[in-house]
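# Coordinates in review
Listed here are the chains, written in short residue letters.
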Amino acid sequence: FCMFVYQIQAQSKDEQAIRETMHTQEEAWNKGDLNKFMAGYWNSPDLLFVGSKGVTNGWKPTLENYQKSYPNKEAMGILTFQILKVDITGKDTAWLVGKWSLQREKDNPNGHFLLVWRKIKGKWYIVADHSS
């Protein structure tokens, strides 16, 4: 019984850490800080990003794509995440489904995303992102 209680608490702590990372990313975006936003992603050539323009491999190319698509604060707008479901699938793996929306002067683009998370050296990182 004690082991079961511990697992629930551990999962809650992991989910909280993931949610905190999402909140930090949202804040960084809204300050126009793409480098801090990208700190939530695994800084590896094996990071996978799937978006409307196809598949991107690697942290640096993903950052470069964000920089091209969102060259300034006006283009970035105000980002809001809505987390729909977090599933801790193992002691160091999880996935998250959510909605994103941007509030900008001329438009309000929005969509959904599926993030695959991995705990690496005690910290949760996005290792794969499929955003639409």
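Everything below is about the structure printed above this text.
Each residue is numbered by its place in its chain's sequence as written, counting from 1. Owing to the predicted nature of the model, reporting of local features is limited to residues with pLDDT of at least 70; listing and counting of side-chain atom pairs is limited to 80 or more, with chain, interface and lining totals taken over all residues. With hydrogens and water excluded, all non-hydrogen atoms of the structure serve as input to the side-chain values.

## Section: the packing of aromatic side chains
Aromatic rings from Phe, Tyr and Trp, with only the six-membered ring used for Trp, were paired whenever their centres fell within 6.5 Å, and each pair was classed as stacked if the ring planes differed by under 30 degrees, edge-to-face if by over 60, and tilted otherwise. Within this structure, the stated rule accounts for 8 aromatic pairs. On the basis of an interplanar angle of 35° and a centroid distance of 6.3 Å, the ring pair of tyrosine 66 and tyrosine 70 is categorised as tilted. We call a residue buried when its accessible area falls under 20% of the maximum for its residue type, exposed when it is over 50%, and partly exposed in between, using a 1.4 Å probe and counting protein chains only. Classification of tyrosine 66 by relative accessible area gives buried; the value is 12%. Under the relative-accessibility criterion, tyrosine 70 is labelled buried at 19%. Put simply, the rings of Trp29, Phe37, Tyr41, Phe49, Tyr66 and Tyr70 touch in pairs and so form one group of aromatic residues. In our convention, an over-ring charge means Lys NZ or Arg CZ found within 6 Å of a ring centre and within 35 degrees of that ring's normal. For the cation-ring pair, arginine 118 lies above tryptophan 42, with the distance from its terminal atom to the ring centre recorded as 5.2 Å.

## Considerations on the nonpolar core
Ranked by internal contacts, the top residues of the largest apolar core, which has 28 residues, are Trp29, Phe37, Tyr41, Tyr66, Leu96 and Trp117. Looking at this core, the elements that each hand over two or more residues are α1 (2–30), α2 (34–38), α3 (59–69), β3 (78–90), β4 (93–103), β5 (110–120) and β6 (123–131). Residue contacts are defined here by distance: any two heavy atoms, one from each residue, within 4.5 Å place the two residues in contact. Once residues within four sequence positions are removed from consideration, tyrosine 41 is found in contact with Gln25, Leu47, Phe49, Trp59, Tyr66, Tyr125, Ile126 and Asp129. Among buried residues, the Ala, Val, Leu, Ile, Met, Phe, Trp, Tyr and Cys ones that are joined through side-chain atoms within 4.5 Å form a nonpolar core. Secondary structure elements follow DSSP: runs of H or I no shorter than four residues count as helices, runs of E no shorter than two count as strands, and numbering proceeds from the N terminus.

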